[in-house]
Amino acid sequence: MADATRSTLYRPLTSRSPDEPHRAATPLELFFDLCFVVAVAQAANELHHAVAENHLGQGVLGFLLVFFAIWWAWVNFSWFASAYDNDDVAYRLTTLVQIAGALILAAGVPRAFEHADWKLITLGYVVMRLAMVTQWLRVRRDDPPRRATATRFAVGILLVQVGWVLRLLLPPQWGLISFFVLVVCELLVPLWAERGRPTRWHPHHIAERYSLFTLIVLGESVLAATVAIESASGTGYTTALVWLAAAGLVIVFAMWWLYFDRPAHDLLTSFRRAFQWGYGHYFILASAAAVGAGLAVAADYDTHMAHVSGVVAAYAVAVPVAVYLVSLWLLQICPHHRGLVVYAFPGTVVLVLLAPFTPAPIQVIAVLMAALVAVVVLAGRGVSAGTSGSRGGGVPRRR
């Protein structure tokens, strides 16, 4: 077992046991997340300014593209670490290289939004992904049973990175199409590589890693909204901003409550379900980050600094909240719940998307989210009462 507090110069990079007890995120993984959220904050900030300046299409598309690069690099590191983290010096240094790549990517976000210049983002992304190639080459050498799997990962990732670099040479009209083609290739690499002898990730550890990153992204949304409201408070619209701040907090608190209502590790019972759950988190994480940007747009509107209508400003919050709820409903609510809760989520989504046409849309969304939390809590009490006699535990088995 790797020691999360002490490193050695070299350990073989062999598979860790998925049944390992008390497996938790390491300080290196937490540092990795905190550094990655810098890039998330940059993307959300640019989304805020783009929407407030009425560059809706450019802002939303740019955010989704940039967020994919951030999210996908994070996902690949997290699943790899769950299977192979040995905490030796080489592993730590390679992880720090990935962090450096994330910071390079973050530095390139403004130019990507403002000038469609993807060179710096591509450089940072390729740095992160090539670091993963070196990790898989180590696995190929040190873990013979999964040599074919490691080879597929290394070759697949390397070929796609060549594609990202060549994309910079294409005419601008091919930029978007080539981006989506390469995204599909990135997503297919793990599906292809794991067809052989799959890696042995730890369900509890994976669920915790996703939970922690979701927590950090939600915190970043609170920070982004707070900074925007603080900046706007100098204009004198104090009462409106106080109500907006209160409603924004309720929305983010409710998002946190709904995500952490039930543990997710017992959903990861097979590779098919794990891929669906892991890939689906793109929408949860992206929408969570976008909520902060939307609240900042709402603050700009309340202080007459935004160049959009009130309905558009409200939808800057309503749309990401709705996407968050739909994603959470599909990935974690339907597998865990039955009855009223399953219907309450889509019903709330419809009402949230209608809220921008009310006189106080952000406050209405906050009330709807609080009501949904109340439904989930009451339903949870009923489930607990009905199942108090039986308790399950342990690591789920993968089929």
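Procedures and definitions
- Residues numbered from 1 in each chain as written.
- Predicted model: local features only at pLDDT ≥ 70, side-chain atom pairs only at ≥ 80, totals over all residues.
- Heavy atoms only, no water.
- Helix = DSSP H or I, 4+ residues; strand = E, 2+ residues; numbered from the N terminus.
- Rg over C-alpha atoms; globule rule 2.2 N^0.38 Å.
- Buried < 20%, exposed > 50% of the residue type's maximum accessible area, 1.4 Å probe, protein only.
- Contact = heavy atoms within 4.5 Å.
- Areas by Shrake-Rupley, 256 points an atom, 1.4 Å probe, with all protein chains shown as cover.
- Lys, Arg positive; Asp, Glu negative; His and termini not counted.
- Charge placed at Lys NZ, Arg CZ, Asp CG, Glu CD.
- Axes fitted to C-alpha atoms, helices over the stretch in contact; angles between N-to-C directions.
- Parallel < 35°, antiparallel > 145°, perpendicular 65-115°, else oblique.
- Nonpolar A, V, L, I, M, F, W, Y, C, P; charged D, E, K, R; others polar.
- Expected span 1.5 Å × (residues − 1).
- Arc of directions from axis to C-beta.
- Polar contact = N/O pair within 3.5 Å; in protein donor to acceptor, adjacent residues only side chain to side chain.
- Salt bridge = Lys/Arg side-chain N within 4 Å of Asp/Glu carboxyl O.

**Focus: the overall build of the protein chain**
Now for step 1: Assigned secondary structure in the protein chain consists of 12 helices and 0 strands.
Now for step 2: Going from the N terminus to the C terminus, the protein chain shows its helices and strands as α-α-α-α-α-α-α-α-α-α-α-α.
Now for step 3: What you see for the protein chain is a C-alpha radius of gyration of 22 Å, in line with the 21 Å of a compact globule of 399 residues.
Now for step 4: Dimensions of the protein chain along its principal axes, counting C-alpha atoms only, are 65 × 65 × 35 Å.
Now for step 5: Each of the 399 residues in the protein chain was classed as buried or not, and the buried ones make up 52%.
Now for step 6: Considering only contacts within the protein chain whose residues lie at least 6 apart along the sequence, 83% involve residues at least 24 apart.
Now for step 7: Accessible area of the protein chain: about 17,600 Å², with a carbon and sulfur share of 69%.
Now for step 8: Looking at charge distribution, the protein chain has the averaged site of its 28 positive side-chain charges lying 13 Å from that of its 23 negative ones.

**Overview of the packing of helix 5 (residues 147-167) against helix 6 (residues 175-193)**
To characterise two packed helices, one gives the angle between the axes of the helices and the distance between these axes.
Now for step 1: Two numbers describe how helix 5 lies on helix 6: the axes approach to 9 Å, and their chain directions differ by 175°. Here helix 5 is positioned roughly antiparallel relative to helix 6, judged by the angle of their axes. The residues of helix 6 that touch helix 5, namely those facing Thr149, Arg152, Phe153, Gly156, Ile157, Val160, Gln161, Gly163, Trp164 and Arg167, are Gly175, Ser178, Phe179, Leu182, Val183, Cys185, Glu186, Val189, Pro190, Trp192 and Ala193.
Now for step 2: Counted by class, the contact of helix 5 with helix 6 contains 12 nonpolar, 6 polar and 3 charged residues.

**Re helix 11 (residues 340-354)**
Every α-helix winds through 3.6 residues per turn, so residues three or four apart in the chain are directed the same way.
Now for step 1: Over its 15 residues, helix 11 extends 21 Å from the first C-alpha to the last, a length consistent with the 21 Å expected when each residue adds 1.5 Å.
Now for step 2: Buried within helix 11 are the following residues: Val341, Val342, Ala344, Phe345, Thr348, Val349 and Val352. Projection of helix 11 onto a plane perpendicular to its axis shows the buried side chains occupying an angular sector of 160°, all on one side. Those residues of helix 11 that are exposed and aimed more than 90 degrees away from the buried face are Leu340 and Tyr343.

**Re the side chain of Thr269**
Now for step 1: Take Thr269: it is sitting in the loop between helix 8 (238-259) and helix 9 (271-302).
Now for step 2: In this structure Thr269 comes out as buried when scored by relative accessible area, which is 10%.
Now for step 3: Within the structure, the side chain of Thr269 is placed 3.1 Å from the side chain of Arg273, a separation counted as a polar contact.

**Examining the pattern of salt bridges**
Now for step 1: A complete count under the given rule lists 10 salt bridges for this structure.
Now for step 2: Note that Arg209 is salt-bridged to Asp33, the shortest N-O span being 2.6 Å. Of the two residues, Arg209 is situated in helix 7 (residues 203-232) and Asp33 in helix 1 (residues 27-52); the sequence distance between them amounts to 176 residues.
Now for step 3: By relative accessible area, which is 0% here, Arg209 ends up buried.
Now for step 4: A cluster of three or more residues bridged by salt bridges with shared partners is formed by Glu29, Asp33 and Arg209.

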